[in-house]
Amino acid sequence: MSLQLSPHVMPWFFLALFPVMFVIVSYVLASMGGWRRLARDYRLDKGGGFPCSSFTSGEVGGVEYRGCLTVGGDTRGLYLAVLLPFRLGHPPLCIPWADVRDRVHERRFFLHWDTFRVGTDGVELRIRSSALAPLDGYLPAARQA
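Residues numbered from 1 in each chain as written. Predicted model: local features only at pLDDT ≥ 70, side-chain atom pairs only at ≥ 80, totals over all residues. Heavy atoms only, no water.

Caption draft 1: Examining unusual backbone geometry more closely. One non-glycine residue, Asp102, lies in the positive phi region at around 55°. Following the sequence through the fold, Asp102 ends up in strand β5 (residues 100-108). At Phe109, a residue that is not glycine, the phi angle is positive and equals roughly 55°. Its place among the elements puts Phe109 in the loop between β5 and β6 (111-118). A residue is classified by how much of its surface remains accessible, and Phe109, at 76% relative accessible area, is exposed. (Helix = DSSP H or I, 4+ residues; strand = E, 2+ residues; numbered from the N terminus. Buried < 20%, exposed > 50% of the residue type's maximum accessible area, 1.4 Å probe, protein only.)

In structure tokens form, the structure reads like this:
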């Protein structure tokens, strides 16, 4: 016995399946890259007011976030958030500057990136240098790759 959907049900089935898959993929990417590990220690439940740069690209633990990161900070620490449609499983973070280490400045083709390790797990972050330029006074000194 095989399950066959009528041609009228097929579009509705996929429309209902898409939001479920979107949620699952969002949580899986947050777990794979290390965002959920960072959220254990650095989740920002309240507050904010950070000067920010939106639509920034970066990587968290190897998972790419192309143009959907918000990056900012002040004396409290480095602020990271994912734009709202993709925020499921990605709570905003505020990482104290003392937990940001091993900063490396690198150039890939025409783009400049800063890579560093964060937290006790050493999750690797790679963020466009242009987004971090206003925060350079808070970040550890960079070495060239």
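Caption draft 2: The packing of aromatic side chains, seen in detail. In total, this model carries two aromatic pairs according to the counting rule given. Their ring planes at 55° and their centres at 5.7 Å tell us that Trp35 and Tyr65 sit as a pair that is tilted. In this pair, Trp35 sits in helix α2 (residues 35-42) while Tyr65 sits in strand β2 (residues 63-74), placing the two residues 30 residues apart along the sequence. Geometrically, the ring pair formed by Trp97 and Tyr138 is stacked, given 5.3 Å between the ring centres and 10° between the ring planes. Here Tyr138 lies in the loop between α3 (129-132) and β8 (143-144) and Trp97 lies in the loop between β4 (93-95) and β5, a separation of 41 residues in the sequence. (Phe/Tyr/Trp six-rings, centres within 6.5 Å; stacked < 30°, edge-to-face > 60°.)

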